[in-house]
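Spelled out, the chains give:
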Amino acid sequence: MSNDVRHEAIVCVRLKTTIAGSHLLEHLRAQPFVTSAWWIAADIDAVVLLSAPSMRELHRAVADLRLLGGAQDADTHMVLRQMSLTAQPR
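Residues numbered from 1 in each chain as written. Predicted model: local features only at pLDDT ≥ 70, side-chain atom pairs only at ≥ 80, totals over all residues. Heavy atoms only, no water.

The buried count for strand β3 (residues 46–52) comes to 7 of 7 residues, which makes it a mostly enclosed element. In this structure, strand β2 (residues 34–39) lies alongside β3, joined through 5 bridges in antiparallel fashion. Considered in β3, the bridge of W39 is made with A46. Where β2 folds back onto β3 in an antiparallel hairpin, the turn is made up of 6 residues. (Buried < 20%, exposed > 50% of the residue type's maximum accessible area, 1.4 Å probe, protein only. Helix = DSSP H or I, 4+ residues; strand = E, 2+ residues; numbered from the N terminus. Pairing = 2+ DSSP bridges.)

Moving on, we get to the pattern of salt bridges. One pass over the full model with this rule turns up 2 salt bridges. Notably, a salt bridge pairs D73 with R14, separated by 2.6 Å at the nearest N-O pair. On the criterion of sequence distance, the pair formed by D73 in strand β4 (residues 71–79) and R14 in strand β1 (residues 7–15) is long-range, its members being 59 residues apart. Among the residues examined, D73 registers a relative accessible area of 28% and is labelled partly exposed. As a salt-bridge pair, D64 and R60 come within 3.2 Å of each other at their nearest N and O atoms. With a gap of 4 residues between them, D64 and R60 both fall in helix α2 (residues 55–67), about one helical turn apart. The exposure class of D64 is buried, given its relative accessible area of 14%. Taking the relative accessible area as the measure of exposure, R60 reaches 55% and is therefore exposed. (Salt bridge = Lys/Arg side-chain N within 4 Å of Asp/Glu carboxyl O.)

Written out as C-alpha coordinates, the structure reads:
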(Lines give C-alpha, C1' and ligand atoms only; values in the text may rest on other atoms or scores of the structure.)
Protein backbone atom coordinates (compact mmCIF):
# COMPACT_ATOMS: atom_id res chain seq x y z
CA MET A 1 0.00 0.00 0.00
CA SER A 2 1.27 3.47 -0.88
CA ASN A 3 2.28 5.75 1.98
CA ASP A 4 0.16 8.60 0.62
CA VAL A 5 -3.14 6.67 0.77
CA ARG A 6 -5.41 8.20 3.41
CA HIS A 7 -8.82 7.15 4.66
CA GLU A 8 -10.93 10.09 5.78
CA ALA A 9 -14.16 10.58 7.67
CA ILE A 10 -16.23 13.54 8.74
CA VAL A 11 -17.71 12.95 12.19
CA CYS A 12 -20.65 14.95 13.55
CA VAL A 13 -20.39 14.99 17.34
CA ARG A 14 -23.05 15.64 19.95
CA LEU A 15 -21.53 15.76 23.41
CA LYS A 16 -23.05 14.14 26.47
CA THR A 17 -24.79 16.79 28.58
CA THR A 18 -22.33 16.12 31.42
CA ILE A 19 -19.24 16.72 29.24
CA ALA A 20 -17.69 20.18 28.84
CA GLY A 21 -16.54 21.29 25.42
CA SER A 22 -13.04 21.73 26.85
CA HIS A 23 -12.89 17.95 27.42
CA LEU A 24 -13.56 17.27 23.73
CA LEU A 25 -11.01 19.90 22.72
CA GLU A 26 -8.31 18.32 24.91
CA HIS A 27 -9.10 14.91 23.45
CA LEU A 28 -8.92 16.16 19.85
CA ARG A 29 -5.60 17.94 20.44
CA ALA A 30 -4.06 14.66 21.65
CA GLN A 31 -5.26 12.56 18.70
CA PRO A 32 -2.85 11.98 15.79
CA PHE A 33 -5.54 11.51 13.11
CA VAL A 34 -7.57 14.67 13.76
CA THR A 35 -7.01 16.98 10.78
CA SER A 36 -9.52 19.75 11.55
CA ALA A 37 -12.45 20.44 13.84
CA TRP A 38 -15.17 23.07 14.07
CA TRP A 39 -17.66 24.09 16.77
CA ILE A 40 -21.14 24.04 15.22
CA ALA A 41 -24.33 25.91 16.14
CA ALA A 42 -26.90 23.22 15.31
CA ASP A 43 -28.25 19.94 16.66
CA ILE A 44 -24.62 18.83 16.94
CA ASP A 45 -21.78 20.42 18.88
CA ALA A 46 -18.81 19.83 16.61
CA VAL A 47 -17.63 18.44 13.29
CA VAL A 48 -14.30 16.60 13.18
CA LEU A 49 -12.28 15.63 10.11
CA LEU A 50 -10.22 12.48 10.63
CA SER A 51 -7.52 11.19 8.27
CA ALA A 52 -5.69 7.90 8.88
CA PRO A 53 -3.41 5.63 6.84
CA SER A 54 -5.67 2.59 7.31
CA MET A 55 -9.36 1.83 7.83
CA ARG A 56 -8.48 0.08 11.08
CA GLU A 57 -6.84 3.23 12.49
CA LEU A 58 -9.72 5.37 11.23
CA HIS A 59 -12.31 3.14 12.95
CA ARG A 60 -10.21 3.25 16.12
CA ALA A 61 -10.10 7.07 16.02
CA VAL A 62 -13.91 7.19 15.72
CA ALA A 63 -14.29 4.70 18.59
CA ASP A 64 -11.93 6.78 20.75
CA LEU A 65 -13.99 9.87 19.97
CA ARG A 66 -17.07 8.08 21.27
CA LEU A 67 -15.46 6.45 24.30
CA LEU A 68 -12.86 9.01 25.39
CA GLY A 69 -13.98 12.26 23.78
CA GLY A 70 -17.32 12.40 25.56
CA ALA A 71 -19.55 12.01 22.52
CA GLN A 72 -23.15 11.01 23.08
CA ASP A 73 -23.50 10.60 19.32
CA ALA A 74 -20.79 10.45 16.68
CA ASP A 75 -22.33 10.13 13.22
CA THR A 76 -19.59 9.14 10.81
CA HIS A 77 -19.53 9.93 7.11
CA MET A 78 -16.75 8.39 5.01
CA VAL A 79 -15.08 10.69 2.49
CA LEU A 80 -14.98 9.00 -0.93
CA ARG A 81 -13.26 11.61 -3.08
CA GLN A 82 -13.03 15.36 -3.49
CA MET A 83 -15.38 17.09 -5.92
CA SER A 84 -13.94 19.18 -8.72
CA LEU A 85 -15.51 22.62 -8.42
CA THR A 86 -13.99 24.00 -11.60
CA ALA A 87 -16.39 24.40 -14.51
CA GLN A 88 -16.14 21.72 -17.17
CA PRO A 89 -16.07 22.86 -20.82
CA ARG A 90 -19.28 22.15 -22.76
